[in-house]
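Fold and geometry: a report
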Amino acid sequence: MIHDNYGINEKGHLTVCGADTVSLADKYGTPLYILDEDLVRAKCREYKAAFEKYFPSGSRPFFASKALSYVGIYRIIADEGLGTDIVSPGELYTAIKAGFPTDNTCFHGNNKTDDDIEYGIRSGVGYFVVDCKEELYAVNDTAKRLGKVQKILLRLTPGIDPHTFAAVNTGRIDSKFGSSIDTGAAEEITKTALSLDGIKLCGYHCHIGSQIFESEPFCRAAGIMTQFSALIKKKYGYEAEIINLGGGFGVRYYDGQNEPDTDAFIKEISDTIRGVCEKNGMKFPVVFMEPGRSIVGAAGVTVYTVGSIKTIPGFRTYVSVDGGMPDNPRYALYASRYTAVIANKASEPCVDEYTIAGRCCESGDLIGEKMPLQRAERGDKLAVLVTGAYNYSMASNYNRIPKAPIVTVSGGIDKLTVKRESFEDLTHNEF
Ligand SMILES: *Cc1c(COP(=O)(O)O)cnc(C)c1O
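Residues numbered from 1 in each chain as written. Predicted model: local features only at pLDDT ≥ 70, side-chain atom pairs only at ≥ 80, totals over all residues. Heavy atoms only, no water.

**Description of the side chain of S270**
- With respect to the helices and strands, S270 occurs in helix α9 (residues 262–280).
- A residue is classified by how much of its surface remains accessible, and S270, at 1% relative accessible area, is buried.
- For S270, the residues in contact, after removing those within four places along its chain, are Y54, F55 and F284. (Helix = DSSP H or I, 4+ residues; strand = E, 2+ residues; numbered from the N terminus. Buried < 20%, exposed > 50% of the residue type's maximum accessible area, 1.4 Å probe, protein only. Contact = heavy atoms within 4.5 Å.)

What follows is the structure in structure tokens.
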């Protein structure tokens, strides 16, 4: 199996965290998201341990909760002692509802509204990651009006192309996010930030992209950011306390992808920062990073029930399932590749490559194409692996399909943590 938390039991059924996915599908219905809580916690600990080893005290990982946002996940993250990233007032609300300590959050987004800013400051958000000058003034003005001084980081674009899919490539100069170092905008906004008294500039942030498998782009970004900090120190006498290098650690979705080793990655990044600091007579800054996908991705499995199977001679065989783009829009959006297994025949060999289709009235509603699978029949349970990130958080009600529930598993014991939406929920806000 592509990750160690997946297995096959004596019945030949796919297991996750020791739990039988077929039994869970029978118990809770399909489509069903299953989340391996033990793996989520293990990933949190892996990051925390590496941070403690290689970065100065105060450094910590922040879980990028856009990857998976619901009340229960914030409790797990808080319990493990990580911070969390939020990108919208809805995520902030959910975190608050879970009792998440708001002073351990970073508030992101390229266009926070005045209401968002006020809600964030009133709620005690730890750090606003300020995207541009208009927002800088807006945060400053609101903080002053509320009689507070808001801690901020400035989002910068270090001009790096980490060779990933264009839509998730956000560190280049041409980006809707942040202020560019190369164009001088970053220096300009830093100067302004230092002149305002409703905010406290704590440092800089960048996020270069997603699904990055090599350490090189991160090290380059770390080098550029630290170098920028050195330049500002030399010119203006301000030394950043914090450098936040964003998220984007790659996760294996199918055989052949080589996942980065967290410890080695963090060490390389640490060595890069230390080198620049020593050369410029600076203190090693506190380092934040923001893993999202790599915390929850491999922990998730989606289980469906197989319906129609349609062979079009000379073309392909479609295996249709009772979910699709409403619970996983990533193939429709980015042609993202997944691994699938017939969960009740997991020990049988794959017999052919199939196209897995969803149930929406939309030809693009596919979970994947050319997917090797065991012989599929109506009524089988089909599991798609590594769906913990950007599935539930991107789910919609397209075609009025109620959102699937989330069951978490810990020590082999399952617990319903998000209830399946009802038809009544669908019309709840409608007059
Ligand atoms: C999306 C995002 C992340 C998380 O990215 P992953 O690829 O899920 O690790 C972190 N920080 C920011 C600012 C982001 O936009």
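What follows continues from the structure just given.
**Overview of the environment of D174**
- Position of D174 among the secondary structure elements: in the loop between β9 (150–157) and β10 (179–180).
- The exposure class assigned to D174 is exposed, which follows from its relative accessible area of 68%.

**So, the packing of aromatic side chains**
- Under the defined criterion, the tally for this structure stands at 14 aromatic pairs.
- Seen from their ring centres, Y74 and F100 are 6.3 Å apart, and the 75 degrees between their planes marks the pair as edge-to-face. Separated by 26 residues along the polypeptide, Y74 in helix α3 (residues 71–79) and F100 in the loop between α4 (89–97) and β7 (105–107) bring together distant segments of the chain. Comparing Y74 with F100, the two get one shared label, buried.
- Counting every residue linked through ring pairs, the aromatic cluster contains Y47, F218, F249 and F265.
- Directly above the ring of F107 sits K112, whose terminal nitrogen or CZ lies 5.9 Å from the centroid. (Phe/Tyr/Trp six-rings, centres within 6.5 Å; stacked < 30°, edge-to-face > 60°. Lys NZ or Arg CZ within 6 Å of the ring centre and 35° of its normal.)

**A look at the pattern of salt bridges**
- Throughout the structure, instances matching the rule amount to 23 salt bridges.
- Across the salt bridge formed by K144 and D197, the nearest N and O atoms sit 3.0 Å from each other. Separated by 53 residues along the polypeptide, K144 in helix α6 (residues 133–145) and D197 in the loop between α7 (185–195) and β11 (199–205) bring together distant segments of the chain.
- R316 is the salt-bridge partner of E369, the closest N and O atoms lying 2.7 Å from each other. Placement of the pair is E369 in strand β18 (residues 366–373) and R316 in strand β15 (residues 316–321), with a sequence separation of 53 residues.
- Of the residues examined, E369 reaches a relative accessible area of 30% and is grouped as partly exposed.
- Taken together, the shared-partner salt bridges in this structure form one network comprising E37, R41, R45, D79 and E80. (Salt bridge = Lys/Arg side-chain N within 4 Å of Asp/Glu carboxyl O.)

**As for the site of the ligand**
- Residues in contact with the ligand amount to 15 residues; listed here are only the nearest, K66, S210, E290, R293 and Y390.
- S210 places a side-chain nitrogen or oxygen 2.3 Å from an oxygen atom of the ligand.
- Side-chain polar atom of Y390 to an oxygen atom of the ligand: 2.6 Å apart, as the coordinates give it.
- The protein chains hide 94% of the 390 Å² of surface that the ligand would expose on its own.
- Tallied by class, the residues present in the shell around the ligand amount to three nonpolar, seven polar and five charged. (Near = heavy atom within 4 Å. Polar contact = N/O pair within 3.5 Å; in protein donor to acceptor, adjacent residues only side chain to side chain. Areas by Shrake-Rupley, 256 points an atom, 1.4 Å probe, with all protein chains shown as cover. Nonpolar A, V, L, I, M, F, W, Y, C, P; charged D, E, K, R; others polar.)

**Overview of the packing of helix α5 (residues 114–123) against α6**
- As a packed pair, α5 and α6 sit with axes 10 Å apart at the nearest point and diverge in direction by 50 degrees. Taken together, the axes of α5 and α6 lie oblique to each other. For α5 against α6, the interelement crossing comes out right-handed. Here α5 contributes D114, I117, E118 and I121 to the contact with α6, which in turn contributes E135, A138, V139, T142, A143 and R145.
- The residue makeup of the contact of α5 with α6, split by class, is five nonpolar, one polar and four charged. (Axes fitted to C-alpha atoms, helices over the stretch in contact; angles between N-to-C directions. Parallel < 35°, antiparallel > 145°, perpendicular 65-115°, else oblique. Left-handed = near helix turned anticlockwise from the far one by under 90°.)

**Observations concerning the side chain of S179**
- For S179, the position within the fold is in strand β10.
- Here D131 takes part through its backbone oxygen, which lies 3.3 Å from a polar atom of the side chain of S179.
- In this structure S179 touches D131, C132, R155, L156, T157, A185, A186 and I189, once residues within four positions along its chain are discounted.

**So, the domain arrangement of the protein chain**
- What the domain assignment lists for the protein chain is domain 1 (6–30 + 299–426) and domain 2 (37–296).
- Taking only C-alpha atoms into account, the centre of domain 1 sits 33 Å from that of domain 2.
- The interface of domain 1 with domain 2 comprises 21 residues on the first partner and 18 residues on the second.
- A combined buried area of about 1900 Å² lies between domain 1 and domain 2, and 58% of that area is made up of carbon and sulfur atoms.
- Breaking the side of domain 1 that touches domain 2 down by element, the ones donating at least two residues are α11 (330–334), β20 (406–410) and β21 (413–418).
- Among the elements that line the side of domain 1 that touches domain 2, the one with the most residues is β20, at four residues.
- For the side of domain 1 that touches domain 2, the residue count by class is 11 nonpolar, eight polar and two charged. (Domains from an automatic or database assignment. Buried area = accessible area lost by both parts, 1.4 Å probe.)

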